[in-house]
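Spelled out, the chains give:
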Amino acid sequence: MLRANEIQQRFNQVENTIHHAAECCQSATSLPMDLKDSIQQLDQRAMQARSLIQSQDENQIRQCIDDLEELGDRAKDACENSGNVDGELRSAVMQAHRELSDLKHQLH
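This is a predicted model, so every value here is computed, not measured.

Side note on the side chain of Glu-69
- For Glu-69, the position within the fold is in helix α3 (residues 58-81).
- One polar contact links Glu-69 to Lys-104, side chain to side chain, over a distance of 3.3 Å.
- In this structure Glu-69 touches His-97, Leu-100, Ser-101 and Lys-104, once residues within four positions along its chain are discounted.

Put into structure tokens, the structure is as follows:
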């Protein structure tokens, strides 16, 4: 497993990417509700996860990242199923999904 400081650094990067996607989503017009909802849930869960990531409880951290990756999957799917998604938003969602998936695989 990654060391605690490595997990924290990776999570900070993921959280910034998720937050960027949420900001893009807020400024975008005429997005499907499933895409808005999935990104908003992902952003809220990432904020809640911050203290858990610092706890250094490996099982809870793993479960938290698994949950975030699942939300990232839903956001990615919603983005792919929407035809009119801004390029910056699409890129941010895909990057967040990739980073969460990579982190999940490193923790398992």
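A few points about the packing of α3 against helix α4 (residues 87-107)
- Following both chains from N to C, one finds α3 and α4 inclined at 150°, their axes separated by 9 Å at the closest point. By the angle between their directions, the pair α3 and α4 is classed as roughly antiparallel. Judged by the sense of rotation from one axis to the other, the crossing of α3 with α4 is left-handed. Every residue of α4 that contacts α3 at Ile-61, Arg-62, Ile-65, Asp-66, Leu-68, Glu-69, Gly-72, Asp-73, Ala-75, Lys-76, Cys-79 and Glu-80 is listed here: Arg-90, Val-93, Met-94, His-97, Leu-100, Ser-101, Leu-103, Lys-104 and Leu-107.
- Counted by class, the contact of α3 with α4 contains ten nonpolar, three polar and eight charged residues.

Notes on the packing of helix α1 (residues 4-27) against α4
- Running from N to C, α1 and α4 point in directions that differ by 155°, and their axes come no closer than 9 Å. The pairing of α1 with α4 is recorded here as roughly antiparallel in orientation. The interaxial crossing formed by α1 with α4 has left-handed handedness. Contact residues: Ile-7, Arg-10, Phe-11, Gln-13, Val-14, Thr-17, Ile-18, His-20, Ala-21, Cys-24 and Cys-25 in α1; Glu-88, Leu-89, Ala-92, Val-93, Gln-95, Ala-96, Glu-99, Leu-100, Asp-102, Leu-103, Gln-106 and Leu-107 in α4.
- Partitioned by chemical class, the residues of the contact of α1 with α4 number 14 nonpolar, five polar and four charged.

Structural notes on α3
- Between its terminal C-alpha atoms α3 stretches 34 Å, which fits the 34 Å expected from 24 residues at 1.5 Å a residue.
- Where α3 is buried, its residues meet α1, α2 (33-54) and α4.
- With a side-chain oxygen positioned 3.1 Å from the backbone nitrogen of Asn-59, the residue opening α3 is Asp-57.

As for the nonpolar core
- Formed by 17 residues in total, the largest nonpolar core has its most connected members in Phe-11, Ile-18, Ile-65 and Leu-68.
- Elements with a contribution of two residues or more to this core: α1, α2, α3 and α4.
- In terms of residues, this core owes the most to one element, α3, which gives five residues.
- If we ignore the near neighbours within four places in the chain, the residues touching Leu-68 are Phe-11, Leu-42, Arg-45, Ala-46, Ala-49 and Leu-100.

Re the environment of Leu-68
- Examined against the element boundaries, Leu-68 turns out to sit in helix α3.
- Take Leu-68: its relative accessible area is 0%, and that puts it in the buried class.
- For the pair Leu-68 and Glu-58, spaced ten residues apart in the sequence, the C-alpha separation amounts to 15 Å.

So, how was this worked out
Residues numbered from 1 in each chain as written. Predicted model: local features only at pLDDT ≥ 70, side-chain atom pairs only at ≥ 80, totals over all residues. Heavy atoms only, no water. Helix = DSSP H or I, 4+ residues; strand = E, 2+ residues; numbered from the N terminus. Polar contact = N/O pair within 3.5 Å; in protein donor to acceptor, adjacent residues only side chain to side chain. Contact = heavy atoms within 4.5 Å. Axes fitted to C-alpha atoms, helices over the stretch in contact; angles between N-to-C directions. Parallel < 35°, antiparallel > 145°, perpendicular 65-115°, else oblique. Left-handed = near helix turned anticlockwise from the far one by under 90°. Nonpolar A, V, L, I, M, F, W, Y, C, P; charged D, E, K, R; others polar. Expected span 1.5 Å × (residues − 1). Core = buried A, V, L, I, M, F, W, Y, C linked by side-chain atoms within 4.5 Å. Buried < 20%, exposed > 50% of the residue type's maximum accessible area, 1.4 Å probe, protein only.

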